Amino acid sequence: MATFSMRDLDDALQGCGQKSGIEIWRIENFKPVAVPKESHGKFFSGDSYIVLNTTASRSGSLHHDIHYWLGKDSSQDEHGSVAVKTVELDSALGGRAVQYREVQGHETEKFLSYFKPCIIPQEGGVASGFNHVKPEEHQTRLYICKGKHVVRVKEVPFVRSTLNHDDVFILDTESKIFQFSGSNSSIQERAKALEVVQYIKDTYHDGKCEIAAVDDGRMMADAEAGEFWELFGGFAPLPKKSAVSDDQTAVSEGIKLLSVEKGQTEAVEAETLEKELLDTNKCYILDCGLEVFVWKGRNTSIDQRKSATEAAEEFFRSSERPKSNLISVMEGFETVMFRSKFDSWPATSTATEPQQGRGKVAALLQKQGVNVEGLVKTSSPSSKDEPKPYIDGTGNLQVWRVNNEEKILLEGAEQSKFYSGDCYILQYSYPGDDREEYLVGTWLGKQSVEEDRASAISMACKMVESMKFMPAQARIYEGKEPIQFFVIMQSFITFKGGLSDAFKKYIAENEVPDNTYDAEGVALFRVQGSGPEDMQAIQIDAVSTGLNSSHCYILHGDSTVFTWCGNLTTSDDQELMERMLDLIKPDEHTKAQKEGIESDQFWELLGGKSEYPSKKIKKDGESDPHLFSCTFSNETLKVTEIFNFSQDDLMTEDIFILDCHTEVYVWVGQQVDPKKKPQVLAIGEKFLKHDFLLENLSSETPIYIVTEGNEPPFFTRFFTWDSTKSAMHGDSFQRKLAILTNKGKPLLNKPKRRVPVYSGRSSVPGKSPSPQPRSRSVTSSQDRSRVRGRSPAFNALAANFGNVNTRNLSTPPPMVGPMVRKLYPKSHAPDVTKLAPESAAIAARTAIFEKPKPTPEEKPTSPGSSEATNGAEDESMSNINEDSKEEAEEESNLPTFPYERLTTDSEDPVPDIDLTRREAYLTSEEFKEKFEMTKSEFYKLPKWKQNKLKTAVQLF
């Protein structure tokens, strides 16, 4: 077993890998020397480097990736030295790091993702005495760029014969940078190359030079094309094939497993590749051609691991494959790519990361019989562990139950009562950061039949299509509901059985007992949730094995209603049970049962007493997100992971999948082929089926379909998001070129929409929301008022789905001018009576989504008037500032109260205030103390950020 600690490392490596970030060392005289942060991304072809990437997972544990980069002119001795140093560093960090061998020009995409947009290695190195000083005179250089997601940049000879029709080239001259795009290159490659152009401009020209884009085929008549070709001595036809050698890596003749002992390799003979072939006391080389893996057993020594790495280097030299990538993994911490090479790999074999710090000490003491309570910091099982919904739960909801090809609208309290044998469609509108957000979802019960499921999904897709793909679309299975669904539904009840004709027909034909919920019969409900705005009652089999000491239950039957609270439940759990009781059996006398002292009648209703579990039923937690680019053709899905992703990686021509284990998002760009859009849900389902990350994804994992420009906040939270980028004109290349030539300002396709007034909520100062009548005294907090209703715009779009037989659902109905005027008197609707019928219908449907002017004094713009882009942006900004100013002025007119009386858990709450704006009643001094900003600054923030800050100080 390896024994190598941090103190055994070279001085330059001491204390590394203790926080998130990149650390780099260059090998000088076979010793690592730290590279300063300002020089990260600068590599010299005569040198070798160690790059350590440390990331923190959601659980707080640290993960390490170690790369050693070999310049094309570095020596073989340096190769061996840097490989050994990497093994030592891995051992000092606990042996769990993944190690990568990176060869100049053939780096892994993961390595390149650390240095976006690219790396451009310079000639020279420390051994040659090169002083790394910039030359005084600029030298014209030609680069070739390859890659849709990460760009591989290589300097090529500055001659016309180098150019070709397939690739993208960058010509860097003293006064101007040219990008030449071959006619066969993709839009995505051209867009990514522009990022390299920006990098060269900023790095080598101090941001001061012109940029020109030249398309293959543009002749001398075009000024910039003429200037470009003149630098090559004039235009001439390009060769059909590339003149640039790609140094192709040899193709493998199948996968080979080799054991390593004392530096010698020996083939392991086996018909199939099984995990059991790997001995924990040995090291192995797995040769896959394009990739070579080193696997190190947990019980191997540091010398064995060094020997295996050296054998792999020798393996490259002897097999004439110096450009192949080498990836080293430790037993129990194998990468997905390594495990996927085996015919079978047990899901339980991956080891969990050991406890850190106090956890290690506590585990050791616990083994010795010491009481460790209080030694390890534990969090409350309620608030902190609960996922955040990132959705406003006070919006406007409509729910339909599916019955064959029809939708039956549910009213009032029935909206949140679902049957397991049925399917439902919901559509929800809510205020977002800069616009009204929309969600259309399907809920598929566990007992529902395929006929109803297909109908529900088909009708939901048509609804989304009719609304111009503005809503996010969700496919949700019973038992796998995401937190957003529960926040929308608030008080959600699931009954057994079903009401649809298809379900009734199925149980009749298959002679299955009809277990549909009977209010007068025996029924058992498990209550769960995190609070009054997220609580559920799930009907389960009425047997004692369904009980759990960590949950509360409602049992009714024989004209009696019981409540049962497990010994591990909290007062919050019991309050939720009381609230759900008001919905299931209101105004009825109940018999409270505590675990361990139940009545005989209680056990009789459950068919007798028996053993039951005590561990709380929890759903899988959200994991660190992974982004994939995907292509789908002939029912085959291919994906490529995008490492260290950002919003800029979402190309408008492509479809991407964001996987965070508990939910999967399918993002669809504006420029995606319309023929592919109906296949988007199938793409998400294929992704779940293939389980590319080998994470045991369920086929019933929620799938969200999100279109570019309409991303909901629960999707954008994974990015540093700029909504103006998805509102730009054109394809990816045109957008990036516009930003480059417009001094970094996006050219907007449409003005940014601001958050509309929260019309669905009570916001009248001085009036507290009236609580719903309750049948019993229950301890309850003063929760935010929640008023359901549909906005006029959403009403107009949704009204046509009451009867699916009346028209083609994919064709929106025309609307007349007076209706638009009535919905929004101040909107910029043109006079549709003067337009042609078809254009009138389009104009009218567009107008209902326009935001009315913020002040009544402003006059509506005439149909013929237009404003310049910069004028519209200035007006938009001034409107936002006016809104925040008006809101701050309005708050100054309200009475003030001490902070202690305004908090959500106050023992002496202030009566008759607007509970959604508690912060407004603070004095200016106390407001600044709590929020560390003034009221006017606070109200300039987006609503979601305001709510987040208010939550942190218990005012929301």
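Residues numbered from 1 in each chain as written. Predicted model: local features only at pLDDT ≥ 70, side-chain atom pairs only at ≥ 80, totals over all residues. Heavy atoms only, no water.

1. Points about the overall build of the chain
What counts, and what does not: Helix and strand labels come from DSSP, where a helix needs a run of H or I of at least four residues and a strand needs a run of E of at least two; each type is numbered from the N terminus. Relative accessible area decides the class of each residue, using a 1.4 Å probe on protein chains only: under 20% of the type maximum gives buried, over 50% gives exposed, and in between gives partly exposed. Contact between two residues is taken to exist if any of their heavy atoms lie within 4.5 Å; hydrogens are not considered. Method for areas: the Shrake-Rupley scheme with a 1.4 Å probe, in which residue coverage is limited to the protein chains shown.
The helix and strand tally for the chain stands at 23 helices and 32 strands. The 956 residues of the chain split such that 49% are buried. Restricting the contact set of the chain to residue pairs at least 6 apart, pairs at least 24 apart contribute 67%. Of the roughly 46500 Å² of accessible surface on the chain, a fraction of 50% belongs to carbon and sulfur atoms.

2. Regarding the pattern of salt bridges
Let me state the cut-off plainly: Salt-bridge detection follows one rule: a side-chain nitrogen of Lys or Arg within 4 Å of a carboxyl oxygen of Asp or Glu.
In the structure shown here, the tally under the stated rule is 33 salt bridges. Close ionic contact of Lys 176 with Glu 227 constitutes a salt bridge, the shortest N to O distance being 2.9 Å. Placement of Lys 176 in strand β9 (residues 176–181) and of Glu 227 in helix α4 (residues 223–231) is noted, with a sequence separation of 51 residues between them. The class of Glu 227 is partly exposed, set by a relative accessible area of 33%. The salt bridge involving Glu 685 is made with Arg 475; its shortest N-O contact spans 3.4 Å. Pair noted here: Glu 685 is in helix α13 (residues 680–690) and Arg 475 is in strand β21 (residues 472–477), with a separation of 210 residues, a long-range link. Its relative accessible area of 34% is what places Glu 685 among the partly exposed residues.

3. Points about the confidence of the model for the chain
Rules: For every residue, the predictor reports its confidence as pLDDT, a number between 0 and 100.
On average, residues of the chain score 80 in pLDDT, and 76% of them are at 70 or above. In this model, residues 349–384 is a region of pLDDT below 50 whose contacts with residues beyond four sequence positions or in other chains number 31 contacts. Within the model, pLDDT remains below 50 along residues 749–880, and this stretch shows 214 contacts once partners closer than five positions in the same chain are excluded.

4. What about a negative patch on the surface?
As a reminder, the rule being used: Here the term patch refers to residues with relative accessible area over 30% and no salt bridge, with like charges joined within 9 Å and nonpolar side chains (Val, Leu, Ile, Met, Phe, Trp, Tyr) within 5 Å. None of His or the chain ends enter the tally, which takes Lys and Arg as positive and Asp and Glu as negative. A charge is said to be at NZ when it belongs to Lys, at CZ for Arg, at CG for Asp and at CD for Glu.
A surface patch of negative charge is lined by Glu 405, Glu 406, Glu 451 and Asp 501. As for its position among the elements, Glu 451 is in helix α8 (residues 450–466).

5. Side note on the sheet that holds β21
Basically, it comes down to this: Should DSSP find at least two bridges between two strands, the strands are taken to pair. Axes here mean lines fitted to C-alpha atoms, for a helix over just the part in contact, with angles spanning 0 to 180 degrees between N-to-C directions.
Reading across the sheet, the 10 strands line up as β17-β16-β19-β20-β21-β32-β31-β30-β28-β29 and stay open at both edges, with mixed pairing between neighbours. The open sheet terminates on both sides in strands that have one partner only, identified here as β17 (406–410) and β29 (636–642). Neighbour-to-neighbour, the strand axes of this sheet turn through a mean angle of 25 degrees, independent of strand direction. In terms of strand pairing, strand β20 (residues 436–444) meets β21 through 6 bridges, oriented parallel. Looking at the pairing, Leu 444 lines up with Tyr 477 of β21. Most of the contacts of α13 go to strand β32 (residues 703–707), to which it runs at about 140 degrees, and overall it touches β21, β28 (626–633), β29, β30 (655–659), β31 (664–668) and β32.

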